[in-house]
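Each chain, written out:
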Amino acid sequence: MNEMETDYLIVGGGIAGLSAGIALKNLNKTFVVAESTPEARPAGAGITLAANAMEAYAELGVEDLVRNAGRVLRKVAIEDQKGNALNRVDLRKMSKSRYNLGIHRAALHQALLQAVGVENVLWNKRSKSLKETQAGYTVEFEDGTQIKTKYLIVAEGIHSKLRTYFLPNSEIRYAGYTCWRGIAQTKTQLESSEEAVEIWGSQGRFGYVRVNDEQVYWFATAKFPQQSKEAAAFTLSDIKQRFSVYPKMVRELLAQTSEKSLLWNDIIDLKPIPQFAFGKAVLIGDAAHATTPNMGQGACQAIEDALELQRCLQLNGTVEKQFSEFEKRRKDRSQLIVKRSWSLGKLAESTSPLVVALRNTVLKLVPEKMNLKQMEQILNQPRF
Ligand SMILES: Cc1cc2nc3c(=O)[nH]c(=O)nc-3n(C[C@H](O)[C@H](O)[C@H](O)COP(=O)(O)OP(=O)(O)OC[C@H]3O[C@@H](n4cnc5c(N)ncnc54)[C@H](O)[C@@H]3O)c2cc1C
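Just so we're clear, the structure is a prediction, and the values are computed from it rather than from any experiment.

A. Spotlight on the site of the ligand. Around the ligand, 32 residues are found, and the nearest of them are Ala16, Glu35, Thr48, Arg105 and Asp286. Measuring from a nitrogen atom of the ligand, one finds a side-chain N or O atom of glutamate 156 at 3.4 Å. Between an oxygen atom of the ligand and a main-chain N or O atom of cysteine 300, the distance comes to 3.1 Å. Computed on the free molecule, the ligand has an accessible area of 1,000 Å², of which 84% lies beneath the protein chains in the complex. For the shell around the ligand, the elements supplying multiple residues, two or more each, are α1 (15–26), β3 (46–49), β12 (172–185) and α10 (298–312). Sorting elements by how many residues they give to the shell around the ligand places α10 first, with three residues.

So, in structure tokens, the structure goes:
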């Protein structure tokens with residue numbers, strides 16, 4: 001049997017786990033990240049990191065590394081299915097200079113891994129069980145490895161195994177819509193390269209954002225029953241047909257996507273949980289507050305977690321107290337986003353003609369100044 005000891009064990013090497021690893025490295029802590037996949041695999045399609053995440057990465061010391069792996073975005077737009085603007089925000093008009101980043105998930109993962117140090121990550125370690133000991137915890141993994149740790153950081157994502165030890169009744173909710181994602185190989189469409197666009201229409205939403213000089217990430221959502229066999233069987237040609245009345249750009253992006261890059265999953269979240277901190281253990285990222293992607297804040301909140309962990313671990317007192325302070329600082333903010341995102345999804349996915357007409361009229365009437373103000377409220381991570 002393989003046995004190890006460490007001061008801090010992070011279980012899960014996704015965006016939350018690797019970002020937390022960077023925080024621990026900055027603080028010269030002894031830690032290890034245990035990740036279930038056999039190797040650093042290029043996961044998923046693209047992602048947008050909003051300005052709050054990039055500002056958190058700046059304080060974690062990796063902003064340049066991450067920014068250089070993606071594409072700076074200055075504008076966010078919502079359009080109707082005819083391509084008419086419903087809402088537009090130019091981030092350069094904010095009270096301080098800000099930008100979002102479009103990035104391929106594999107590139108983000110690579111950058112974070114480089115910052116954490118591959119020597120600090122163990123692959124093929126899927127957590128199986130957890131034992132509380134006087135000194136902390138012993139985590140057993142499916143391959144038989146046991147890691148003894150003084151402090152435990154659970155970053156296993158929404159389906160976290162170890163969360164069930166602390167909260168056996170946490171609830172995952174289906175939002176009522178499903179999502180396909182892909183990467184278009186295209187050097188054209190550069191006119192919108194600084195803009196993240198979402199089209200809200202009768203067939204669902206279609207969004208796209210450039211992630212580098214060669215690739216544009218897109219997603220498409222639609223109302224379907226949970227785990228629908230029909231949605232699971234959708235091919236690119238089904239998606240092309242479903243969104244055929246959407247603007248030309250949609251058709252062009254789909255035409256430049258290969259079938260093998262197509263991903264599908266239902267949109268789910270974690271019903272807000274009562275606690276993040278449990279003595280010598282803490283939940284972070286999607287394991288603590290998985291949200292629907294409607295506000296593009298899931299990973300951003302995981303990155304804010306890492307920064308707040310770094311700040312809390314520098315406070316006076318025991319690590320138990322520091323974890324508890326982390327919960328105090330992070331729970332309300334991350335769960336507010338979960339709730340807002342859930343409601344936004346309902347509005348965005350509405351197919352009722354009356355609701356859509358009213359929604360689109362209101363969206364068009366909202367002045368950019370007000371949009372900027374609302375966006376700034378989300379982007380401003382509170383300082384304690
Ligand atoms: C369609 C879609 C679009 C999105 N778009 C955006 C966006 O634009 N912007 C944004 O900020 N967020 C977005 N999100 C949300 C974002 O993807 C998540 O919030 C983010 O990935 C959470 O990171 P995490 O590390 O907490 O969890 P995960 O990314 O799920 O990582 C968890 C890690 O733990 C590992 N793991 C799982 N179980 C175990 C185990 N038992 N033992 C060991 N390791 C384990 C997994 O292999 C994985 O590496 C989107 C989500 C979806 C579904």
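B. Quick peek at the environment of alanine 196. Its location among the elements puts alanine 196 in strand β13 (residues 195–201). As a C-alpha pair, alanine 196 and leucine 9 span 187 residues in sequence and 36 Å in three-dimensional space. Excluding residues within four positions of it along the chain, alanine 196 makes contact with Leu73, Lys75, Val76, Ala77, Tyr208 and Val209.

C. Representation of the pattern of salt bridges in the model. Inspection of the entire model under this criterion finds 27 salt bridges. Across the pair glutamate 59 and arginine 311 runs a salt bridge, and its minimum N-O distance is 2.9 Å. Remark: arginine 311 occurs in helix α10 and glutamate 59 occurs in helix α2 (residues 51–60); sequence separation between them is 252 residues. Between arginine 383 and glutamate 59 there is a salt bridge; the shortest N-O distance is 3.4 Å. Linking arginine 383 in the segment after α13 (368–379) with glutamate 59 in helix α2, this pair joins segments that are 324 residues apart in sequence. Taking relative accessible area as the criterion, glutamate 59 reaches 34% and is therefore assigned partly exposed. Here the residues in one salt-bridge network are Glu59, Glu308, Arg311, Glu325, Lys328, Arg329 and Arg383, joined through shared partners.

Procedures and definitions
- Residues numbered from 1 in each chain as written.
- Predicted model: local features only at pLDDT ≥ 70, side-chain atom pairs only at ≥ 80, totals over all residues.
- Heavy atoms only, no water.
- Near = heavy atom within 4 Å.
- Polar contact = N/O pair within 3.5 Å; in protein donor to acceptor, adjacent residues only side chain to side chain.
- Areas by Shrake-Rupley, 256 points an atom, 1.4 Å probe, with all protein chains shown as cover.
- Helix = DSSP H or I, 4+ residues; strand = E, 2+ residues; numbered from the N terminus.
- Contact = heavy atoms within 4.5 Å.
- Salt bridge = Lys/Arg side-chain N within 4 Å of Asp/Glu carboxyl O.
- Buried < 20%, exposed > 50% of the residue type's maximum accessible area, 1.4 Å probe, protein only.

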